[in-house]
Amino acid sequence: MTMDSADWGQSLAADTLRFERTLPGTPERLWPWLADSEKRARWLAAGVLPDQPGAAFTLTFEYEGTPVQTRHTVRLYEPPSRLCITWDEGEDWHSVVTFELSALTADQVRLCITHRRLRQADRVDVASGWHAHLALLSALLTGTAAPDFMALHRELERAYQQRLEV
């Protein structure tokens, strides 16, 4: 697998990973890919995103034909630049994901995803997942062929095990 070094998730702390992508468009054009269920389902997961902090919601992922539901709460909703949600990890534990969109040029935007409060045991899976989901989003926005999500995820898991020294 050959990738630009900027594509790899960065470990900011023992419990924090960050991903950055430069994508075509503006924050206003990209916001629906975070907030709209139909658009988000094409690269991440379906589910109605409430626009009020404190509101709970469910995302439904499709992995090889199997739906997987996760529970979340909106912490921050500031279109078209910032969204922050909790990610229920069960057992009274949740991690926190922040999405930030910022214009780089008139037709390029930076998407930054920061995932905090990760348990050590979840870091490789989370890193591989975000990386693969972002590859799908990039393909959709650039009109290029989308990768096979699960094949890419498995390949990335091996790479992140080494990168994150697990």
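In what follows, the structure referred to is the one given above.
Read on for a plain summary of the structure. Computed from a predicted model, the values in this text were never measured in an experiment.

## Here we look at the overall build of the protein chain
Within the protein chain, the regular secondary structure consists of four helices and seven strands. Against the globule reference of 15 Å for 166 residues, the protein chain gives a C-alpha radius of gyration of 15 Å, in line with a compact fold. Overall, the protein chain is about 40 × 35 × 35 Å in size when its C-alpha atoms are taken along their principal axes. A burial count over the protein chain gives 42% of its 166 residues as buried. Looking at the protein chain alone, contacts between residues at least 24 apart form 49% of all its contacts between residues at least 6 apart.

## Brief notes about the packing of helix α1 (residues 27-35) against helix α3 (residues 123-142)
Between two packed helices, what matters for the description is the angle formed by their axes and the separation of those axes. Two elements in contact, α1 and α3, have axes separated by 13 Å at closest approach and are oriented at 135°. With respect to their mutual orientation, α1 and α3 come out oblique. When the axes of α1 and α3 are compared, the crossing they make is right-handed. When α1 is examined against α3, the residues R29, L30 and W33 are found in contact with a partner set consisting of L137, L140 and L141. In terms of residue class, the contact of α1 with α3 is built from five nonpolar, no polar and one charged.

## Topic: the pattern of salt bridges
Under the defined criterion, the tally for this structure stands at eight salt bridges. R154 is paired through a salt bridge with E64; the nearest N and O atoms lie 3.8 Å apart. Here R154, found in helix α4 (residues 149-163), pairs with E64, found in the loop between β3 (56-63) and β4 (66-78); they are 90 residues apart in sequence, far enough to count as distant. Note on E64: relative accessible area 60%, which makes it exposed. The partner of E78 in a salt bridge is R82, with the nearest N and O atoms 3.0 Å apart. What makes E78 partly exposed here is its relative accessible area of 31%. The class for R82 is partly exposed, based on a relative accessible area of 33%.

## Structural notes on empty space enclosed by the protein
Applying the stated criterion to the full structure yields one cavity of 30 Å³ or more. Residue assignment for the lining of the largest cavity shows that the elements contributing at least two residues are β3 and β5 (82-90). Ranked by residue count, the leading element in the lining of the largest cavity is β5, at three residues. Among the residues making up the lining of the largest cavity, the classes are represented as nine nonpolar, no polar and one charged.

Criteria and thresholds
- Residues numbered from 1 in each chain as written.
- Predicted model: local features only at pLDDT ≥ 70, side-chain atom pairs only at ≥ 80, totals over all residues.
- Heavy atoms only, no water.
- Helix = DSSP H or I, 4+ residues; strand = E, 2+ residues; numbered from the N terminus.
- Rg over C-alpha atoms; globule rule 2.2 N^0.38 Å.
- Buried < 20%, exposed > 50% of the residue type's maximum accessible area, 1.4 Å probe, protein only.
- Contact = heavy atoms within 4.5 Å.
- Axes fitted to C-alpha atoms, helices over the stretch in contact; angles between N-to-C directions.
- Parallel < 35°, antiparallel > 145°, perpendicular 65-115°, else oblique.
- Left-handed = near helix turned anticlockwise from the far one by under 90°.
- Nonpolar A, V, L, I, M, F, W, Y, C, P; charged D, E, K, R; others polar.
- Salt bridge = Lys/Arg side-chain N within 4 Å of Asp/Glu carboxyl O.
- 1 Å grid on protein atoms, 1.4 Å probe; cavity = no way out; pocket = protein on both sides within 12 Å on 5 of 7 lines; lining within 4 Å.
- Points joined across faces, edges and corners; volume = space filled by probe spheres on them.

By themselves, these figures tell us nothing about what the structure is for.
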